[in-house]
Amino acid sequence: VETKPALDLDAVDAAIERIRRPEVLREQIGDALLYAQRVEAEVGGLSIETLLPHTSNDYVGRFLHVGVPDAQGHGEAQAHLAAHLGLQPYVPRPEDAIPLHNRAAGFLARLLPRVKTMIEMTYHTIGAINERLALEAYRRMAAILEQLGEDEMARALMVPMRNDEAAHLSYYRTYARQLRPTLATWQLAAVRALIVHTYAPVGAGEKRDKAPLGR
């Protein structure tokens, strides 16, 4: 994750200017683009440091140093594309709007080491699931762009984002696999139950968000 290149926003903007049929692109991937742009923008503002206490030099801190700017860059690039296609990009909420459940989980993690381990396992397992969904979404969107003859747009935006998500997936999955043997049976059962009963893809936690996710 730390050695991969960041998304080249200048290359994305250059490719956007050379889109040949924006109206066709808007019809084919407009809904998916707006959903993905909102998700990336929301992920960039979740304030994971509140949920998951860490230092700048541990694995979590080192990942967030790259992962959060990646999400912000993805959101910005997709906002540029959406605006060019005549769509209204999502505007991120203020940085101080930290979800209440993140505050509560972070508070418990600082007090109870065993709870911290469970939160880490939950976060990294869900992270792996979401990154796998994002990776496949960007792969499919790249294929659609190529089918429409917009190969430059696919190379400049979708392929690099897909590669970023693949690197993120590797981090989440590896961390979760290494953490799993350190959890007691009851901790694993609690994490599993929490994920099974509460999981929703990023950006699809509310009923109103189910239709955009489906599209």
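The paragraphs below set out a description of the structure included in this document. In this text the structure is predicted, and so the values were computed from the model without any measurement.

## Digging into the overall build of the protein chain
Summing up its helical and strand segments, the protein chain has 9 helices and 0 strands in all. Counting from the amino terminus, the protein chain carries its helices and strands in the arrangement α-α-α-α-α-α-α-α-α. Relative to the globule expectation of 17 Å for 215 residues, the C-alpha radius of gyration of the protein chain, 18 Å, shows essentially globular dimensions. By residue count, 44% of the 215 residues in the protein chain fall in the buried class. Surface summary for the protein chain: the accessible area is close to 11,800 Å², and the carbon and sulfur share equals 56%. Looking at charge distribution, the protein chain has the averaged site of its 25 positive side-chain charges lying 9 Å from that of its 27 negative ones.

## Brief notes about the layout of surface pockets
Empty space within the second largest pocket amounts to approximately 220 Å³. Taken together, the elements giving at least two residues each to the lining of the second largest pocket come down to helix 4 (59–84) and helix 7 (151–179). Top element by residues in the lining of the second largest pocket is helix 7. It accounts for 5 residues. Here the residues of the lining of the second largest pocket sort into 5 nonpolar, 3 polar and 2 charged.

## Some thoughts on the packing of aromatic side chains
Across all of its chains, the model carries 5 aromatic pairs by this definition. Here Phe 63 and Tyr 172 contribute two aromatic rings whose centre-to-centre distance is 5.1 Å and whose plane-to-plane angle is 65°, an arrangement assigned as edge-to-face. Of this pair, Phe 63 sits in helix 4 while Tyr 172 sits in helix 7, placing them 109 residues apart in sequence. Taken together, the aromatic side chains of Phe 63, Tyr 123, Tyr 171, Tyr 172 and Tyr 175 make up a single cluster linked through ring pairs.

## Thoughts on the pattern of salt bridges
Per the stated rule, a full pass over the model turns up 9 salt bridges. Of the charged contacts in the structure, one is a salt bridge between Lys 4 and Asp 70, with a shortest N-O distance of 2.6 Å. Highlighted residues: Lys 4 in the segment before helix 1 (9–17) and Asp 70 in helix 4, separated in sequence by 66 residues. Between Glu 136 and Arg 132 there is a salt bridge; the shortest N-O distance is 4.0 Å. With Glu 136 and Arg 132 both in helix 6 (residues 113–147) and 4 residues apart, the pair spans about one turn of that helix. For Glu 136, a relative accessible area of 30% translates into the label partly exposed. The network of salt bridges with shared partners includes Lys 4, Asp 70 and Asp 164.

## A few points about a nonpolar patch on the surface
A contiguous nonpolar patch, built from Phe 107, Leu 108 and Leu 112 and spanning about 290 Å² of accessible area, is present on the exposed surface. Mapped onto the secondary structure, Phe 107 falls in helix 5 (residues 100–111). Look at Phe 107 and you get exposed, because its relative accessible area is 53%.

## Considering helix 8 (residues 185–198)
An ideal rise of 1.5 Å per residue puts 20 Å on 14 residues; helix 8 measures up with 20 Å between its terminal C-alpha atoms. Buried within helix 8 we find Gln 187, Leu 188, Val 191 and Ile 195. Buried residues of helix 8 fall within an arc of 100° about the axis and therefore sit on the same side. In helix 8, those exposed residues whose orientation departs by more than 90 degrees from the buried face are Thr 185, Val 196 and His 197. Against helix 6 lie the buried residues of helix 8.

## Focus: the nonpolar core
If you look at the biggest cluster of nonpolar residues, it comprises 26 residues, and the most contacted ones within it are Leu 25, Leu 81, Met 153, Leu 157 and Met 158. Mapped by element, the contributors of at least two residues to this core are helix 1, helix 2 (22–43), helix 4, helix 6 and helix 7. No other element matches helix 7, which puts 6 residues into this core. In this view, Leu 81 contacts Ile 16, Ile 19, Leu 25, Leu 33, Met 153 and Leu 157; residues no more than four positions away in its chain are not counted. If you look at the next biggest cluster of nonpolar residues, it comprises 24 residues, including Ala 105, Met 118, Met 121 and Ile 195.

Rules of the game
Residues numbered from 1 in each chain as written. Predicted model: local features only at pLDDT ≥ 70, side-chain atom pairs only at ≥ 80, totals over all residues. Heavy atoms only, no water. Helix = DSSP H or I, 4+ residues; strand = E, 2+ residues; numbered from the N terminus. Rg over C-alpha atoms; globule rule 2.2 N^0.38 Å. Buried < 20%, exposed > 50% of the residue type's maximum accessible area, 1.4 Å probe, protein only. Areas by Shrake-Rupley, 256 points an atom, 1.4 Å probe, with all protein chains shown as cover. Lys, Arg positive; Asp, Glu negative; His and termini not counted. Charge placed at Lys NZ, Arg CZ, Asp CG, Glu CD. 1 Å grid on protein atoms, 1.4 Å probe; cavity = no way out; pocket = protein on both sides within 12 Å on 5 of 7 lines; lining within 4 Å. Points joined across faces, edges and corners; volume = space filled by probe spheres on them. Nonpolar A, V, L, I, M, F, W, Y, C, P; charged D, E, K, R; others polar. Phe/Tyr/Trp six-rings, centres within 6.5 Å; stacked < 30°, edge-to-face > 60°. Salt bridge = Lys/Arg side-chain N within 4 Å of Asp/Glu carboxyl O. Patch = residues over 30% accessible without salt bridge, like charges linked within 9 Å, V, L, I, M, F, W, Y side chains within 5 Å. Expected span 1.5 Å × (residues − 1). Arc of directions from axis to C-beta. Contact = heavy atoms within 4.5 Å. Core = buried A, V, L, I, M, F, W, Y, C linked by side-chain atoms within 4.5 Å.

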